[in-house]
Structures are given as structure tokens and as C-alpha cells.
Amino acid sequence: MPKGIPNKRYTPEFKVMVVETMRKEKLNYCEAARQFEVSDSKRIASWERIYLTEGPEGLAVERRGRASAASGTRKGRPAKLPLKVEEDLIAENQRLRAENDYLKNLQALVLEDERKARKKRW
């Protein structure tokens, strides 16, 4: 790609129009890219995937950029799991860690009792 030429950006309305026209007229990705002068058919495939999973509003979300190292979330992208599910998983993880610690302590106590019993026999 030559220097100084910015990447072409498409409006959310254009993306919705391309995907809906493609589905209505039963065009494949290459035909739609040629008809609407989009540089790559893979771009239309990703637009269709977003359209089918998130609806037309999903095409308006900014998806460029890397994940933030501090927060671990992607810039502009919605969370993969709903907040309630994520909270439930965190709570379950904490409960399982506590249970694991309890079982380790119990095992240590049982081993200690066995050692004491062995010493008494001799």
C-alpha cells in the first residue's frame, strides 16, 4: 500500500445497505464487492457476520484498535458475555477456590493424624 493514502472507510448505513442488498438479491461476496466497489470480499463477509449476530446496530460500532493492556477489554467492542453471567462465573470461581483450599487443609490434617498414629504404634 502506498504511503500517505488512508484506508477507505465505509459508513454504517452503507454497510447495512450492502448486506441487505446482497441477501435480498442473493449475491455472493465477490459479486457484491464488485457491484458496490468494495476493495475486498472478506470485508463484506465480516459485515454480514456482524449483521447476523448483532443486527444493523452492530455495524455502527467502532472495531479498530488493539485491546487495552490495563483493562483487558477490546476498544469499542461489546463484552462477549452478559454482565450477569460474568458475575456468576466470578462468584463460582471464588467458591471453587475456597473449596479447593478447604480440601487441601483437610488433606494436610488427615496426613498429620496418620503420621501421629504411625508414631504411636512403634
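Here the structure is shown first, and the text comes after it.
Just so you know, the residues in each chain are numbered from 1, in the order the chain's sequence is written. Residue-level local features of this predicted model are given only where pLDDT is at least 70; pairs of side-chain atoms are given and counted only at 80 or more, and the full residue set underlies all totals for whole chains, interfaces and linings. Values shown for side chains rest on all heavy atoms present in the structure; no hydrogens or waters enter the calculation.

Caption draft 1: Up close: the overall build of the chain. The number of helices and strands found in the chain is four helices and zero strands. Each helix is a run of DSSP H or I of at least 4 residues and each strand a run of E of at least 2, with the numbering of both proceeding from the N terminus. Start at the N end of the chain and walk to the C end: the helices and strands fall as α-α-α-α. Categorising residues by exposure relies on relative accessible area from a 1.4 Å probe, with only protein chains included: less than 20% of the type maximum marks a residue as buried, more than 50% marks it as exposed, and the intermediate range marks it as partly exposed. A total of 122 residues make up the chain; the buried ones form 19% of that total. Here the analysis covers contacts within the chain between residues at least 6 apart in sequence; of these, 41% occur between residues at least 24 apart. For the chain, the accessible area works out to roughly 10,600 Å², and carbon and sulfur atoms hold 54% of it. Here, residues are in contact when the closest pair of their heavy atoms is within 4.5 Å. For every accessible area listed, the method is Shrake-Rupley and the probe measures 1.4 Å; residues are considered covered only by the protein chains on display.

Caption draft 2: How the structure looks around the packing of helix H2 (residues 29-36) against helix H3 (residues 41-54). Axis definition: a line fitted to C-alpha atoms, limited for helices to the stretch in contact. Angles are taken between N-to-C directions and run from 0 to 180 degrees. It is at 8 Å that the axes of H2 and H3 come closest, and there the two elements cross at 105 degrees. By the angle class used here, H2 and H3 are roughly perpendicular. On H3, the residues touching Tyr-29, Cys-30, Ala-32 and Ala-33 of H2 are Ser-41, Ile-44, Ala-45 and Glu-48. The residue classification treats Ala, Val, Leu, Ile, Met, Phe, Trp, Tyr, Cys and Pro as nonpolar and Asp, Glu, Lys and Arg as charged. All others, Gly included, are polar. In terms of residue class, the contact of H2 with H3 is built from six nonpolar, one polar and one charged. Roughly parallel here means an angle under 35 degrees, roughly antiparallel means over 145, roughly perpendicular means 65 to 115, and every remaining angle is called oblique.

Caption draft 3: Structural view of H3. Given a helix with a known number of residues, its expected span is that number minus one, times 1.5 Å. In this model, H3 (14 residues) spans 20 Å end to end at C-alpha, consistent with the 20 Å of a helix rising 1.5 Å per residue. Residues Ser-41, Ile-44, Trp-47, Glu-48, Ile-50 and Tyr-51 constitute the buried set of H3. The secondary structure elements touched by the buried residues of H3 are helix H1 (12-24) and H2. Two residues or fewer after H3 comes Gly-55, characterised by a positive phi angle close to 85 degrees.

Caption draft 4: View of unusual backbone geometry. Non-glycine residue Lys-26 carries a positive phi angle of around 55 degrees. Along the polypeptide, Lys-26 turns up in the loop between H1 and H2. Even without glycine at this site, Glu-37 takes up a positive phi of about 55 degrees. Inspection of the secondary structure assignment puts Glu-37 in the loop between H2 and H3.

Caption draft 5: Up close: the nonpolar core. Residues belong to one nonpolar core when they are buried, are Ala, Val, Leu, Ile, Met, Phe, Trp, Tyr or Cys, and are joined through side-chain atoms within 4.5 Å. Grouped together as the largest cluster of nonpolar side chains are 16 residues, with contacts concentrated most on Phe-14, Val-18, Val-38, Ile-44, Trp-47 and Leu-59. The contact partners of Trp-47, leaving out residues within four places of it in the chain, are Tyr-10, Phe-14, Lys-15, Val-18, Val-19, Val-38 and Leu-59.

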